[in-house]
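For reference, the chains in residue letters:
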Amino acid sequence: MSSTLESIRHLSETLFQYTNVDDMVRQVLHTALETIGEDAGSILLADAKTKQLIFRYVVGESAEQLCGTSIPWDEGIAGAVFSSGNPEIIPAVQQDPRHFSATDRLTGYQSRDMIVVPLMRHGGAPIGVMEVLNKATGQINRDDLDILVVIASIAAAAIEQTDNAEAIRLKDIQLQQSQKMEAMGRLAGGVAHDFNNLLTVMQGFSEMIVSSLDPSAVGRMYAEEILKAAQRASGLTKQLLAFSRKQVLEPRVVNLNELVSNLEKMLKRLIGEDVNLLTKLDPNLGWIKADPGQIEQVLMNLSVNARDAMLGEGSLTIETGNVELDDLYASQSADLQPGRYVCLSVNDTGSGMDETTLAKLFEPFFTTKAPGKGTGLGLSIVYGIVKQSRGHVAVSSAVGCGTTFKIYLPQVEVPDPGVVVTELGSTCVQGSETILVVDDEEQVRSLECGVLQASGYRVLPVGNGEEALRICRESSEPIHLLVTDIVMPMMNGRELARRVALHRPSMRVLFVSGYPDETEISSEGMAGKTNFLQKPFTSDTLLRRIRQSLDGMEKSSAATCTLPL
């Protein structure tokens, strides 16, 4: 008895010095076997994500084959002890109906007796089980069980402490990564905003030059090249806005299966004939609320990345399913809430990634491709779209073992037919109404006024909100439309619209911005009178949106848009 107490005392003194769980379970199992005089056993720890008991350390014949394998945590003898939290002595393992015969064969011998004790965390929830086996009947008794219960209690406390410390460390890493991504997103959004102002001017005046010159004029060719460059730059700023979650979405309640099915033919052309595309779609899939075009963009970006990782040859599997994320699983990610989700899984058989690459995967302009082969914005766009859709993206990968992206989007209860989006069409863009144009960027304001005046409108240009309010208060003439930038110093566009509504409640509003900074553009007392136009825009788009705003929001496709959070 003194030697037993000494072994337990030594274990309790040394175990809490370990910082690695594998070292702990190794020490625990050896101490347990030495204390009761046996030479075979195992420790299984629970994995909450897979609901499996994983063999973390095994002593006995064929231990290498058994270590790392798993069994369901509610099946078998180990599963029964784990579920009940009660230790058991099993005098004849082979005769127990719960016994896994395949596991017994893997150990290389037929066990006769076995003790299984739960590893109970503080508060009563189990974290795993410890098994001790012997080859002969009668060697294991009640005293051995009591000793193993004490050892298991010490082990569980030490493992729990280490797991808590590791969880805190991972949370700190996640928080730092999240803060870094948020900072990069703010920077990207700010850059995109300033660039969109410049691109609006470049694109707008280039269009004016092109339209004013004869098709054979040399100067027209030069202006057309400037216009093309501005349009390409506009595409880049749109990608930055997607990453920074500052793009305008048009969310609808949709079935993800339909999006995947409709996109399947395009994806096959995109990834090439040498890549085998497989789809596994849950027929009972729940509904999500998202912008269909943006979710399609996510699928295409992930598919292109997978194709490149497989060097044009391999298998790409797209799978959908319903998942219920519990508190334990959700707690492992800073931005994930428990609840019902639809999961979109994209798996490839490519080269995989190491931990260093995974840590930077969603950062803008980070790429593992050769120079000139990619912008490094594809996965950044995926990250931004998923986050803006209130979802979560997880990735698992290992070098040589492929990559799996899992995107979790919240389920919604009832399908919504959504709002039919009306195209801009070929409506008349001329007019004679009076329009108040407010923008702190003089060049943008000059462009907007020039385009509107050329189409017959009477324009009142001002550079700030206070001046716009003064005109609204003092002018006795009707003002039909307020066109205002959202992001302005001193008074932003939304505040201006609110205050203008007090003096001219019938005036309609068109918001214009390089990126919007509000969660929504309609405000109390102004429902149905607001619209939005994203910079940069063409002269034709501006005129059509102006006409739509003046003729009534019920005809406007922007009625369904939602600005970012």
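Scroll up for the structure.
What you are looking at is a predicted structure, and each value in this text was computed from that prediction instead of being measured. (Residues numbered from 1 in each chain as written. Predicted model: local features only at pLDDT ≥ 70, side-chain atom pairs only at ≥ 80, totals over all residues. Heavy atoms only, no water.)

**Q** Would you take a moment to explain the overall build of the chain for this structure?
**A** The helix and strand inventory of the chain stands at 16 helices and 18 strands. Within the chain, buried positions represent 47% of all 565 residues. Considering only residue pairs separated by 6 or more positions, the chain has 69% of its internal contacts joining residues 24 or more positions apart. Of the roughly 27,300 Å² that the chain leaves accessible, carbon and sulfur atoms contribute 52%. (Helix = DSSP H or I, 4+ residues; strand = E, 2+ residues; numbered from the N terminus. Buried < 20%, exposed > 50% of the residue type's maximum accessible area, 1.4 Å probe, protein only. Contact = heavy atoms within 4.5 Å. Areas by Shrake-Rupley, 256 points an atom, 1.4 Å probe, with all protein chains shown as cover.)

**Q** For this particular structure, what's the right way to read the sheet that holds strand S4 (residues 88-90)?
**A** Pairing in this open sheet of six strands is antiparallel, and the strands run S3-S2-S1-S6-S5-S4 from one edge to the other. Each of the sheet's edge strands pairs with one partner strand only, and the pair in question is strand S3 (70-72) and S4. Going across the sheet, the axis of each strand differs from the next one's by a mean of 25°, ignoring polarity. The strands that helix H2 (residues 21-36) touches are strand S1 (40-47), strand S2 (52-59) and strand S6 (126-134); relative to S2, the one it contacts most, it runs at about 60°. (Pairing = 2+ DSSP bridges. Axes fitted to C-alpha atoms, helices over the stretch in contact; angles between N-to-C directions.)

**Q** Explain helix H15 (residues 493-503) to me, please; I cannot follow it from the model alone.
**A** An α-helical segment advances 3.6 residues per turn. Residues three or four places apart therefore align on the same side. Those residues of H15 that fall on the buried side of the exposure criterion are Gly493, Arg494, Leu496, Ala497, Val500 and Ala501. Down the axis of H15, the sector holding all buried residues measures 155°, keeping them to one side. Packing partners of the buried residues in H15 comprise strand S14 (434-438), helix H14 (465-474), strand S16 (481-485) and strand S17 (508-513). Of the residues that open H15, the one with a side-chain oxygen 3.1 Å from the backbone nitrogen of arginine 494 is asparagine 492. (Arc of directions from axis to C-beta. Polar contact = N/O pair within 3.5 Å; in protein donor to acceptor, adjacent residues only side chain to side chain.)

**Q** Would you take a moment to explain the environment of valine 116 for this structure?
**A** Secondary-structure assignment places valine 116 in strand S5 (residues 113-120). Taking relative accessible area as the criterion, valine 116 reaches 0% and is therefore assigned buried. Residues valine 116 and leucine 145, 29 residues apart in the sequence, show an inter-C-alpha distance of 8.4 Å. Leaving out residues up to four positions away in the same chain, valine 116 has contacts with Ile77, Ala78, Val81, Pro87, Glu88, Ile90, Val129, Met130 and Glu131.

**Q** What should I look at first to understand the nonpolar core in this one?
**A** Counting 36 residues, the largest nonpolar core has Leu256, Leu302, Leu316, Ile318, Leu344 and Ile407 as its most contacted members. Looking at this core, the elements with two or more residues in it are helix H8 (256-271), strand S8 (275-280), strand S9 (287-290), helix H9 (292-309), strand S10 (314-325), strand S11 (339-348), helix H12 (378-388) and strand S13 (403-412). Here leucine 256 is in contact with Leu285, Ile288, Ile295, Thr320, Val342 and Leu344, once residues within four sequence places are set aside. One finds Leu29, Ile36, Ile115 and Leu148 within the second-largest nonpolar core, a separate group that totals 27 residues. (Core = buried A, V, L, I, M, F, W, Y, C linked by side-chain atoms within 4.5 Å.)

**Q** Looking at this structure, I do not really get the pairing of S13. What am I missing?
**A** Consecutive side chains along a regular strand alternate between the two faces of the sheet. Judged by how many residues are buried, S13 sits mostly within the fold: seven of ten residues are covered. Inspection of the sheet shows S9 paired to S13 by two bridges, in the antiparallel sense. Its bridge partner lying in S13, isoleucine 288 is registered against glutamine 411. The pairing of S11 with S13 spans eight bridges and is classified as antiparallel. Bridging from a neighbouring strand, cysteine 343 pairs with tyrosine 408 of S13.

**Q** Honestly, the side chain of aspartate 348 in this entry has me stumped. Any pointers?
**A** Tracing the backbone shows aspartate 348 in strand S11. Engagement of the side chain of aspartate 348 in a polar contact is seen with the backbone nitrogen of glycine 350, the distance being 2.8 Å. Here aspartate 348 is in contact with Ala306, Met310, Ser315, Leu316, Gly402 and Thr403, once residues within four sequence places are set aside.

**Q** How do you make sense of the packing of H14 against H15 when you look at a structure like this?
**A** In a packed pair of helices, the relevant descriptors are the angle between the two axes and the axis-to-axis distance. In the contact formed by H14 and H15, the axes pass within 10 Å of each other and the chain directions differ by 10°. Here H14 is positioned roughly parallel relative to H15, judged by the angle of their axes. Contacts from Gly465, Glu466, Ala468, Leu469, Cys472 and Arg473 of H14 reach H15 at Leu496, Arg499, Val500 and His503. (Parallel < 35°, antiparallel > 145°, perpendicular 65-115°, else oblique.)

**Q** What exactly am I supposed to notice about a nonpolar patch on the surface here?
**A** Taken together, the side chains of Leu198, Met202 and Ile226 make up a nonpolar region of the molecular surface, amounting to roughly 270 Å² of accessible area. Take methionine 202: it is sitting in helix H6 (residues 142-212). For methionine 202, a relative accessible area of 40% gives the class partly exposed. (Patch = residues over 30% accessible without salt bridge, like charges linked within 9 Å, V, L, I, M, F, W, Y side chains within 5 Å. Salt bridge = Lys/Arg side-chain N within 4 Å of Asp/Glu carboxyl O.)

**Q** When you look at the packing of aromatic side chains in this model, what are you seeing that I'm missing?
**A** Both the distance between ring centres and the angle between the ring planes are used here to describe each pair of aromatic rings. Applying the stated criterion across every chain, the model contains two aromatic pairs. Taken together, a centroid distance of 5.2 Å and an interplanar angle of 25° make the contact between tryptophan 73 and phenylalanine 82 stacked. Assessed through its relative accessible area of 21%, tryptophan 73 is described here as partly exposed. A relative accessible area of 8% means that phenylalanine 82 is categorised as buried. For the ring pair tyrosine 341 and tyrosine 408, a centre distance of 6.4 Å and an interplane angle of 85° mean the geometry is edge-to-face. Note that tyrosine 341 is positioned in strand S11 and tyrosine 408 in strand S13, a separation of 67 residues in sequence. By relative accessible area, tyrosine 408 is classed as buried at 5%. The ring of tyrosine 57 has arginine 26 lying over it, and the distance from NZ or CZ to the ring centre is 5.3 Å. (Phe/Tyr/Trp six-rings, centres within 6.5 Å; stacked < 30°, edge-to-face > 60°. Lys NZ or Arg CZ within 6 Å of the ring centre and 35° of its normal.)

**Q** Teacher, can you tell me more about the side chain of serine 397 here?
**A** Position of serine 397 relative to the elements: it lies in strand S12 (residues 392-397). A polar atom in the side chain of serine 397 sits 2.8 Å from the backbone nitrogen of methionine 353. A distance of 3.0 Å separates a polar side-chain atom of serine 397 from the backbone oxygen of glycine 402. Beyond its immediate stretch of four places on either side in the chain, serine 397 contacts Gly352, Met353, Leu358, Gly402 and Thr403.

**Q** Explain the packing of H8 against H9 to me, please; I cannot follow it from the model alone.
**A** Close contact between H8 and H9 brings their axes to 10 Å; oriented N to C, the two are set at 40°. The angle between H8 and H9 falls in the class oblique. For the crossing formed where H8 meets H9, the hand is right-handed. Contact residues: H8 offers Leu256, Leu259, Val260, Leu263, Met266, Leu267, Leu270 and Ile271, while H9 offers Pro292, Ile295, Glu296, Leu299, Met300, Ser303, Val304 and Arg307. In terms of residue class, the contact of H8 with H9 is built from 13 nonpolar, one polar and two charged. (Left-handed = near helix turned anticlockwise from the far one by under 90°. Nonpolar A, V, L, I, M, F, W, Y, C, P; charged D, E, K, R; others polar.)

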